[in-house]
Amino acid sequence: IIGLGLLDVFISDYASGNMKFQVMKVDNRKKFILSKLFTQLISYFILAWIMFLISQIAGLIFFDVNLTLSNFFSSFLIYNLNILPSLAVINIANLIFAISGKENITRISIIVLFIVLGIIARATSIGHLLPVLNYTYLLRFFDSEFEFKFLYNQLVSLIYLILFIFININVWSKKEYC
């Protein structure tokens, strides 16, 4: 849901023509696009943390759960571990929009990407090479069976994120805004 919202901000800016006028005012398009992408990243973190707090409060109110500090931090860790893969997928969708220019295709693609990447990650041996949180490693982590593959899984998502940020910067900065 957060991904769709942040992607839609990018799409709406371009589709409404706001980005055209913003780009005309700046000296360096690459810095402008980078600032938009960083705003997207920071917004994702903030919204994810707000959603986490709301879910914890709702859990306390409606389910009368005995929330311990350990449970709170475990849940917070899971929320944060999902952020890198999600941001990588959002940046892939940004690139799809930059190339296609089709709003609805891009909105559908982000949902399809999350689903398909998740299925491929669980069903094949190449899942550790995709920007998807591997829940097998996560479960082992919480069972105190730490594996290096868990950190590798997060590193892969970070590499995808950085790679697609740079690709987006180059594609969006060369894009014609008419």
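Residues numbered from 1 in each chain as written. Predicted model: local features only at pLDDT ≥ 70, side-chain atom pairs only at ≥ 80, totals over all residues. Heavy atoms only, no water.

Asker: Tell me about the nonpolar core, residues and numbers included.
Answerer: Core analysis: the largest hydrophobic core is formed by 35 residues, its most contacted members being Tyr44, Leu87, Leu161 and Trp172. For this core, the secondary structure elements donating two or more residues are helix H1 (2-15), helix H2 (18-25), helix H3 (29-63), helix H5 (83-100), helix H6 (103-123) and helix H8 (148-174). When residues in this core are grouped by element, the largest group, eleven residues, is from H5. Apart from residues no more than four positions distant in its own chain, tyrosine 44 is found in contact with Ile2, Gly3, Leu6, Ile83, Ser86, Leu87 and Ile90. (Core = buried A, V, L, I, M, F, W, Y, C linked by side-chain atoms within 4.5 Å. Buried < 20%, exposed > 50% of the residue type's maximum accessible area, 1.4 Å probe, protein only. Helix = DSSP H or I, 4+ residues; strand = E, 2+ residues; numbered from the N terminus. Contact = heavy atoms within 4.5 Å.)

Asker: Account for the environment of asparagine 80, with residues named and values stated.
Answerer: Along the polypeptide, asparagine 80 turns up in helix H4 (residues 69-81). Residue class for asparagine 80 comes out partly exposed when judged on its relative accessible area of 21%.

Asker: Before we move on, can you summarise the packing of aromatic side chains with the specific residues and values?
Answerer: Within this structure, the stated rule accounts for seven aromatic pairs. Plain terms: the ring middles of tryptophan 49 and phenylalanine 76 are 6.1 Å apart, the flat faces sit at 35 degrees to each other, and that makes the pair tilted. Of this pair, tryptophan 49 sits in helix H3 while phenylalanine 76 sits in helix H4; the two residues are 27 residues apart in sequence, bridging distant segments of the chain. A relative accessible area of 35% means that tryptophan 49 is categorised as partly exposed. In this structure phenylalanine 76 comes out as partly exposed when scored by relative accessible area, which is 27%. Of the aromatic side chains, those joined through ring pairs into one cluster are Phe45, Trp49, Phe52, Phe72, Phe73 and Phe76. (Phe/Tyr/Trp six-rings, centres within 6.5 Å; stacked < 30°, edge-to-face > 60°.)

Asker: An account of the pattern of salt bridges is needed here, citing residue identities and associated values.
Answerer: Once their charged atoms are close, side chains differing in charge can pair, the charge on each being opposite to the other. Taken as a whole and judged by the stated rule, the model has two salt bridges. With its nearest N and O atoms 2.4 Å apart, the salt bridge here joins arginine 107 to aspartate 8. Here the residue arginine 107 occupies a position in helix H6, and aspartate 8 occupies one in helix H1, the gap between them amounting to 99 residues. Residue classification places aspartate 8 among the partly exposed positions, given a relative accessible area of 27%. Between glutamate 103 and arginine 107 there is a salt bridge whose closest N-O contact spans 3.7 Å. Residue glutamate 103 and its partner arginine 107 are both found in helix H6; the two are separated by four residues, about one turn of the helix. Here the residues in one salt-bridge network are Asp8, Glu103 and Arg107, joined through shared partners. (Salt bridge = Lys/Arg side-chain N within 4 Å of Asp/Glu carboxyl O.)

Asker: I'd love a proper account of the environment of isoleucine 169, names of residues and values included.
Answerer: Within the secondary structure, isoleucine 169 is located in helix H8. Take isoleucine 169: its relative accessible area is 6%, and that puts it in the buried class. The spatial distance from the C-alpha of isoleucine 169 to the C-alpha of methionine 51 is 29 Å, given a sequence separation of 118 residues. Beyond its immediate chain neighbours, meaning those up to four positions away, isoleucine 169 contacts Lys30, Ile33, Leu34 and Leu37.

Asker: I'd love a proper account of the side chain of glutamine 40, names of residues and values included.
Answerer: Relative to the helices and strands, glutamine 40 resides in helix H3. Given the relative accessible area of 5%, glutamine 40 is considered buried. Among the polar contacts listed, one links the side chain of glutamine 40 to the backbone oxygen of leucine 6, at a separation of 3.2 Å. Apart from the residues within four sequence positions on either side, glutamine 40 is in contact with Leu6, Leu7, Phe10, Ile90 and Asn94. (Polar contact = N/O pair within 3.5 Å; in protein donor to acceptor, adjacent residues only side chain to side chain.)

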